[in-house]
Amino acid sequence: GENVEQHPSTLSVQEGDSAVIKCTYSDSASNYFPWYKQELGKGPQLIIDIRSNVGEKKDQRIAVTLNKTAKHFSLHITETQPEDSAVYFCAAEASGNTPLVFGKGTRLSVIA
Amino acid sequence: DSGVTQTPKHLITATGQRVTLRCSPRSGDLSVYWYQQSLDQGLQFLIQYYNGEERAKGNILERFSAQQFPDLHSELNLSSLELGDSALYFCASSGPNTPLHFGNGTRLTVT
């Protein structure tokens, strides 16, 4: 089955700097890669996703890149703000409606 | 607000007991998923239902069971509880061509 590895497990950045979180997946059939943000006391919230027919997707300060050949994808957050502090999860999904497999999460701290 | 409702928010119970967690999916979503989140273990998939039928099974213990009712709400039953079952339990739902949306979870503490 699918296996998703996520790095780093913790990340501290200064406010205004960029943050990058990387994930690798094992199943070459996976074609959907969402990223979730989990704030304290809440459930994970989808922040951006990408499908395998696209190499990069941007939404304001957030971008995701996908390298299908290497089977890895990354989350980039630019101009970080204190409210970006949270746990971020990457996930991968094989053919439609199979359950998402999640990485173990990255705890991002943005220091003001 | 994701539209997925989970009750209760917190549950404290003793070892050996049985509890039921409840989930109402977003309006229109036919698929319901249950995930367990333990410290340092990320989100572990337990089970998926689609329109009342079990669709996929993950690392769900035999002591745990779930069902999805005709009104599409779902319940996760945990029995013979052990200390190690203490965790956050999330329900999520999705529809055709819509991403997974999570509820805010039920925090289970087994003492």
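Everything below is about the structure printed above this text.
Residues numbered from 1 in each chain as written. Chains lettered and ligands numbered in written order. Predicted model: local features only at pLDDT ≥ 70, side-chain atom pairs only at ≥ 80, totals over all residues. Heavy atoms only, no water.

(A) Spatial organisation of unusual backbone geometry. The step from A:His7 to A:Pro8 runs through a cis peptide bond, and the omega angle for that step is -5 degrees. Among the structural elements, A:Pro8 can be located in the loop between strand S1 (4–7) and strand S2 (10–14). Here the bond from B:Thr7 into B:Pro8 is cis, since omega is -10 degrees, no more than 30 degrees from zero. A positive phi is found at B:Leu72, a non-glycine position, where the angle reads about 80 degrees. Along the chain, B:Leu72 turns up in the loop between strand S7 (64–68) and strand S8 (74–78). When its relative accessible area of 16% is taken as the criterion, B:Leu72 is described as buried. If you check the backbone angles, B:Asn97 has positive phi at about 60 degrees while not being a glycine. (Helix = DSSP H or I, 4+ residues; strand = E, 2+ residues; numbered from the N terminus. Buried < 20%, exposed > 50% of the residue type's maximum accessible area, 1.4 Å probe, protein only.)

(B) Just the sheet that holds strand S3 (residues 19–24) of chain B, in detail. Residues and elements named next belong to chain B. Read from one edge to the other, the open sheet built from four strands follows the order S1-S3-S8-S7, with strand pairing classed as antiparallel. Looking at the sheet topology across the chains shown, the edges are occupied by strand S1 (5–7) and S7. Across the sheet, the mean angle separating the axes of adjacent strands is 15 degrees when strand polarity is ignored. Both S7 and S8 contribute to a ladder of five bridges, which runs antiparallel. (Pairing = 2+ DSSP bridges. Axes fitted to C-alpha atoms, helices over the stretch in contact; angles between N-to-C directions.)

(C) Looking closely at the environment of B:Leu46. Residues and elements named next belong to chain B. The residue Leu46 is located in strand S5 (residues 42–50) in this model. Residue classification places Leu46 among the buried residues on the basis of a relative accessible area of 1%. Spatially, the C-alpha atoms of Leu46 and Ser65 are 9.5 Å apart, while their sequence positions differ by 19 residues. Apart from the residues lying within four places of it in its own chain, the contact partners of Leu46 are Trp34, Tyr35, Gln36, Lys57, Gly58, Asn59, Ile60, Leu76 and Tyr89. (Contact = heavy atoms within 4.5 Å.)

(D) A look at the interface of chain A and chain B. Facing 15 residues of chain A, the contacting portion of chain B comprises 17 residues. For the pair chain A and chain B, the two sides together bury roughly 1300 Å², of which 57% comes from carbon and sulfur. By residue number, the principal contributor to the side of chain A that touches chain B is strand S4 (residues 32–38) of chain A, which donates three residues. Looking at side-chain class alone, the side of chain A that touches chain B contains eight nonpolar, five polar and two charged residues. (Buried area = accessible area lost by both parts, 1.4 Å probe. Nonpolar A, V, L, I, M, F, W, Y, C, P; charged D, E, K, R; others polar.)

Take it as geometry only, folks, not as evidence of what the structure does.
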